[in-house]
Amino acid sequence: MWSGFGIKDSGEFYPVSLQFGGLQRCGSGRFSNVYCGPMTSPIHKEIALKNAWSDTETRHLPTTQYPEIQILSKIFHPAISNLLYFYSMNANEKTVHCLVLDYMPNEMARLRDQGVKFDILDAKLFTFQLFSAIGHLASKNIVHMDIKPQNVVMDRAKGLLKLADFGNARRLETNEKTGGSYQVTRFYRPPELLFGCEKFTPAIDIWSATCVAFELFANRILFKGKDTKDQITLIIGVFGYPTDEDIKSIGVKRPRVARKEARGIETFTSKMLDSDIYEFMKSTLKIDPKKRKSAVDVLKMPIFDVIKAVPRKKRSNGIEIPDLIRYTEMNHKRETEVEPAADIETTEKAEKESKSSSSHSGEEDNRK
Ligand SMILES: Nc1ncnc2c1ncn2[C@@H]1O[C@H](COP(=O)(O)OP(=O)(O)OP(=O)(O)O)[C@@H](O)[C@H]1O
């Protein structure tokens, strides 16, 4: 039994006792272990438990103020691996923040590495969900900042997708700088960051999500640069050297790479014959982030008509396309169990109890 917190619709936390069945490790990151299995109390549900720690200035923060928890407590959407509960524990003199998240059985990057190919209908279905997730984030002034296949989890059989890993996500109003070229995994990094711009904008996620969508449609990585310069060269090879207007709008110096004529995204692959797919990509892969279509506008494009068609189409596995009608709504209510009224005293008590608990699996003790 763990003393942790639930999250109210308002984003406030309330104390709650948490219990799990046998959890198995199902993923890991540089500063996290992820376990999957059943939660048995206060609700019965398959969950992913992310045990995360940090080696930066955030390492002594109380769990309620841990940035990933702060961000996740402000969002809730069916295409996001939502934070359901959280608690903390001490391991090796570190605070380990334990996030109870919506679970999905497949990671997109692993499917890709296993050679799984998506047909056009499924690629559209998953792209629609990815863009509805970032539409929700933009409506809450949040930028994910690390959209890539490793952070996209799916239930491939049911045709469902969720965006995961909010460890790099930022709120726009904080006015922090992005750190330019070092943010967002290289293949998915938009031109403005490659050129050294340090502003956060939701358009960063639009570029990255389109690169992920391209992988769903074409089964290969769009821009696989060896380093920052090579990444810029590959992008310029398709869209041409940035115009003076683009450079001025982004507010950076001209990139020092050879000038190239634009080949255009259509010539990049001959297999994707559906012109709606190119229209979508042309509207989101713009060098100037201000010219990229927003996620909400992307969701209205003809590429997704087939996903919205009634009666719902059957996918190649014989299962109907899931009902995504509510995905374009940006305000979803959290499905909470009983919500005991949280007063400050009980919240502080739960945090103390939670901190004094020992490691969930012991593995976090051995990782630095
Ligand atoms: N909700 C989930 N359902 C299923 N698996 C998940 C879920 N969340 C994360 N995982 C798995 O755990 C892995 C690591 O999770 P996550 O990316 O959140 O950790 P991280 O520490 O931020 O990783 P990194 O260091 O790569 O940024 C994911 O790549 C995925 O395989």
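No experiment lies behind these values; they were computed from the predicted model shown. (Residues numbered from 1 in each chain as written. Predicted model: local features only at pLDDT ≥ 70, side-chain atom pairs only at ≥ 80, totals over all residues. Heavy atoms only, no water.)

Applying the stated criterion across every chain, the model contains 13 aromatic pairs. For the pair F223 and F239, a centre-to-centre distance of 6.2 Å together with 65 degrees between the ring planes defines the contact as edge-to-face. With a gap of 16 residues between them, F223 in the loop between helix 5 (202–218) and helix 6 (228–239) and F239 in helix 6 connect regions that are remote in the sequence. Taking the relative accessible area as the measure of exposure, F223 reaches 1% and is therefore buried. Members of the aromatic cluster, each reached through a chain of ring pairs, are F128, F131, F280 and F304. (Phe/Tyr/Trp six-rings, centres within 6.5 Å; stacked < 30°, edge-to-face > 60°. Helix = DSSP H or I, 4+ residues; strand = E, 2+ residues; numbered from the N terminus. Buried < 20%, exposed > 50% of the residue type's maximum accessible area, 1.4 Å probe, protein only.)

Of all the residues in helix 8 (residues 275–284), the buried ones are I277, Y278, F280, M281, S283 and T284. Against helix 3 (120–139), helix 5 and helix 9 (295–298) lie the buried residues of helix 8. A side-chain oxygen of the first residue of helix 8 lies 3.0 Å from the backbone nitrogen of D276; this N-cap is D274. (Contact = heavy atoms within 4.5 Å. Polar contact = N/O pair within 3.5 Å; in protein donor to acceptor, adjacent residues only side chain to side chain.)

Time to look at the state of the cysteines. If you walk through the whole model with that rule in mind, you get one disulfide. Here C26 engages in a disulfide with C36; their sulfurs sit 1.9 Å apart. Because the torsion about its S-S bond is 50 degrees, the bridge between C26 and C36 counts as right-handed. Of this pair, C26 sits in strand 3 (residues 24–29) while C36 sits in strand 4 (residues 32–41), and the two are ten residues apart along the sequence. (Disulfide = S-S within 2.5 Å.)

Each assigned domain of the protein is listed here: domain 1 (2–103 + 337–358) and domain 2 (106–328). Summed over both partners, the interface of domain 1 with domain 2 buries about 1,400 Å², with 65% contributed by carbon and sulfur atoms. It is I71, H77 and A79 in domain 1 that bury the most area against domain 2; as a group they hold 35% of the surface buried on that side. For D165, the salt bridge goes to K50, with nearest N and O atoms at 3.2 Å. Connecting domain 1 to domain 2 are ten residue pairs in polar contact (both at pLDDT 80 or more). Those elements giving two or more residues to the side of domain 1 that touches domain 2 turn out to be strand 3 and helix 1 (67–72). Among the elements that line the side of domain 1 that touches domain 2, the one with the most residues is helix 1, at three residues. (Domains from an automatic or database assignment. Buried area = accessible area lost by both parts, 1.4 Å probe. Salt bridge = Lys/Arg side-chain N within 4 Å of Asp/Glu carboxyl O.)

Locating Y188 in the fold gives a position in the loop between strand 12 (170–171) and helix 4 (191–194). For Y188, a relative accessible area of 3% puts it in the buried group. In sequence terms Y188 and R25 are 163 residues apart; their C-alpha atoms lie 27 Å from each other. Discounting chain neighbours no more than four positions away, the residues touching Y188 are R112, I147, K148, P149, W207, S208, C211, V212, E215 and I221.

Attention now goes to the confidence of the model for the protein. Looking at the protein, the pLDDT average stands at 88 and 86% of residues meet or exceed 70. Contacts from residues 339–347, a stretch scored under 50 in pLDDT, to residues over four places away or in other chains number 13 contacts. Note on residues 353–359: pLDDT is under 50 here. Beyond four places in sequence and across chains, it has 21 contacts. (pLDDT = per-residue confidence, 0-100.)

A few words on the nonpolar core. Grouped together as the largest cluster of nonpolar side chains are 90 residues, with contacts concentrated most on F131, I134, M154, L163, F166 and F280. For this core, the leading source of residues is helix 5, giving eleven residues. Contacts of M154, omitting those with residues within four sequence positions, involve M104, P105, N106, M108, L111, F118, F126, L160, L161 and L216. (Core = buried A, V, L, I, M, F, W, Y, C linked by side-chain atoms within 4.5 Å.)

Take the site of the ligand next. In the region of the ligand, 18 residues are neighbours, and S32, K50, D102, E107 and D165 sit closest. R30 places a polar main-chain atom, nitrogen or oxygen, 2.9 Å from an oxygen atom of the ligand. Its free accessible area being 620 Å², the ligand has 85% of it covered by the protein chains. Secondary-structure elements contributing two or more residues to the shell around the ligand are strand 3, strand 4 and strand 5 (45–52). Here the shell around the ligand gets three residues from one element, more than from any other, and that element is strand 3. Its residues placed into classes, the shell around the ligand shows five nonpolar, seven polar and six charged. Here the shell around the ligand spans two domains, and each of domain 1 (2–103 + 337–358) and domain 2 (106–328) adds at least three residues to it. (Near = heavy atom within 4 Å. Areas by Shrake-Rupley, 256 points an atom, 1.4 Å probe, with all protein chains shown as cover. Nonpolar A, V, L, I, M, F, W, Y, C, P; charged D, E, K, R; others polar.)

Turning next to the packing of helix 5 against helix 8. At a closest axis distance of 10 Å, the pairing of helix 5 and helix 8 adopts a crossing angle of 155 degrees. The angle between helix 5 and helix 8 falls in the class roughly antiparallel. Handedness of the crossing formed by helix 5 with helix 8: left-handed. Within the contact between the two elements, helix 5 uses I206, W207, T210, A213, F214 and F217 and helix 8 uses I277, F280, M281 and T284. Classifying every residue of the contact of helix 5 with helix 8 gives eight nonpolar, two polar and no charged. (Axes fitted to C-alpha atoms, helices over the stretch in contact; angles between N-to-C directions. Parallel < 35°, antiparallel > 145°, perpendicular 65-115°, else oblique. Left-handed = near helix turned anticlockwise from the far one by under 90°.)

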